[in-house]
Amino acid sequence: MSLDSSCIEPEPAYHVNAEATKKVYLTFDDGPCESTAQILDILQEYQVPAAFFVIVREEEELIPLYRRIVEEGHVLANHTATHVYEHVYASFENLREEIEELEDYVEYVSGYAPEKIFRFPGGSTRAEKYLGNTVRKTIEAWGYRVMDWNCSGDDAIRQGVTAEEIYDSTIRTAKGKNPVIILLHSASYAPQTVAALPSILSYFQENGYVFSSLLEEDAPENWWMGEH
Ligand SMILES: [Zn+2]
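How each quantity is defined
Residues numbered from 1 in each chain as written. Predicted model: local features only at pLDDT ≥ 70, side-chain atom pairs only at ≥ 80, totals over all residues. Heavy atoms only, no water. Helix = DSSP H or I, 4+ residues; strand = E, 2+ residues; numbered from the N terminus. Buried < 20%, exposed > 50% of the residue type's maximum accessible area, 1.4 Å probe, protein only. Axes fitted to C-alpha atoms, helices over the stretch in contact; angles between N-to-C directions. Parallel < 35°, antiparallel > 145°, perpendicular 65-115°, else oblique. Left-handed = near helix turned anticlockwise from the far one by under 90°. Contact = heavy atoms within 4.5 Å. Nonpolar A, V, L, I, M, F, W, Y, C, P; charged D, E, K, R; others polar. Salt bridge = Lys/Arg side-chain N within 4 Å of Asp/Glu carboxyl O. Core = buried A, V, L, I, M, F, W, Y, C linked by side-chain atoms within 4.5 Å. Donors = N, O, S within 2.8 Å, 3.2 Å for Na, K, Ca; no water. Phe/Tyr/Trp six-rings, centres within 6.5 Å; stacked < 30°, edge-to-face > 60°. Lys NZ or Arg CZ within 6 Å of the ring centre and 35° of its normal.

Cis geometry is adopted by the peptide bond preceding Pro32, which originates at Gly31 and carries an omega value of 0 degrees. Its location among the elements puts Pro32 in the loop between strand E1 (22–31) and helix H1 (36–46). Along the chain, Asn178 connects to Pro179 via a cis peptide bond; the corresponding omega equals 5 degrees. Looking at the secondary structure, you find Pro179 in the loop between helix H7 (163–174) and strand E7 (180–185). Positive phi outside glycine occurs at Thr80, with the angle close to 75 degrees. Here Thr80 is to be found in the loop between strand E3 (75–78) and helix H3 (85–88). For Thr80, a relative accessible area of 0% gives the class buried.

With that settled, consider the packing of H1 against helix H8 (residues 193–206). At their nearest, the axes of H1 and H8 sit 10 Å apart, and the two run at 25 degrees to each other. It follows from the interaxial angle that H1 and H8 lie roughly parallel. For the pair H1 and H8, the crossing hand works out as right-handed. Only Val194, Leu197, Pro198, Leu201, Ser202 and Gln205 of H8 make contact with H1, whose side of the interface consists of Gln38, Ile39, Ile42, Leu43 and Tyr46. Here the contact of H1 with H8 is built from residues that sort into eight nonpolar, three polar and no charged.

Further remarks concern the pattern of salt bridges. Per the counting criterion, the structure on display carries twelve salt bridges. Among the salt bridges present, the one from Glu103 reaches Lys116, with a minimum N-O distance of 3.4 Å. Placement of Glu103 in helix H4 (residues 92–110) and of Lys116 in the loop between H4 and strand E4 (117–118) is noted, with a sequence separation of 13 residues between them. For Glu128, the salt bridge is made with Arg136, and the minimal N-O distance between the two is 3.7 Å. Judged by its relative accessible area of 10%, Arg136 is buried. Overlapping salt bridges bring together Lys23, Glu216 and Asp218 as one network.

Residues Leu26, Phe28, Leu43, Phe52, Leu197 and Phe204 are the most contacted members of the largest nonpolar core, which totals 38 residues. No other element matches the seven residues that H8 contributes to this core. When neighbours within four sequence positions are excluded, Phe28 is seen to be in contact with Ile39, Leu43, Ala50, Ala51, Phe52, Phe53, Leu184, His185, Ser186, Thr193 and Leu197.

The next point concerns the coordination of the zinc ion. Summarising the metal site, the zinc ion is bound by the protein donors Asp30 (OD), His79 (NE2) and His83 (NE2), whose distances to it range over 2.1 Å. One chain supplies every donor for the zinc ion, spaced along it as D-x48-H-x3-H. Note that Asp30 is positioned in strand E1 and His83 in the loop between E3 and H3, a separation of 53 residues in sequence. Asp30 sits in the buried class, given a relative accessible area of 6%.

This part takes up the packing of aromatic side chains. Inspection of every chain in the model, using the stated rule, returns ten aromatic pairs. Pairing Phe118 with Phe120 gives two aromatic rings, centres 5.0 Å apart and planes at 80 degrees, and the pair type is edge-to-face. Each member of the pair, Phe118 as well as Phe120, carries the same accessibility label: buried. Between Phe204 and Phe211, the aromatic rings sit 6.0 Å apart at their centres with planes inclined by 80 degrees, giving edge-to-face as the arrangement. Considered together, Phe204 and Phe211 belong to a single accessibility category, that of buried residues. Within the aromatic cluster, the residues linked to one another by ring pairs are Tyr167, Tyr203, Phe204, Tyr209 and Phe211. Against the face of Tyr209 rests Lys22, its NZ or CZ located 4.4 Å from the ring centre. For Arg119, the ring lying beneath its charged end belongs to Phe53, and the centroid distance is 4.4 Å.

The analysis is restricted to geometry; functional conclusions fall outside its scope.
Now the structure itself:
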């Protein structure tokens, strides 16, 4: 029996499925710092929202950046006051004080309260090492969303990381994920992040991803490492 190709149903080239929109959430930790203004300029140019998990910075030239983050439509979120593991994670009491101190400080200097979205310094697995595996549930009980990441530019893992390495790490660790939650840093020890950013934004925009805000309704409520 010969195979009549006219009997074979053609396969559609692709399925259009609105539910399958690929979402990417861009996050910057440890700022504000000298690079934050440049990052904000680039985000404006590419029309991309981001979240900044900030700490207390008292330098006069950095203080206006808290306000600028909010007024340009980005999420200002909580990363504790000091980020010093030995202090933040010494006790649940310290952890709570660090979170509230950041809130009070940011509201005082910017006029805006940070969102109730929290990222543990070092991520939730680091926090668990110090305070045990109830720590994430405790933060939730205090009224905060917990936001880890599933994609990293590894821009602060050592000195001398190049922009190309940051780009490569980001793209490599984003592969096959939806949503993608990218961790980058706005910090003096991540000096090449600004240089890597335009190519990272272009990659996701050209590959069918939508940059989204953590405040949108369909954003993840929590994102915990190791559970996705
Ligand atoms: Zn951090």
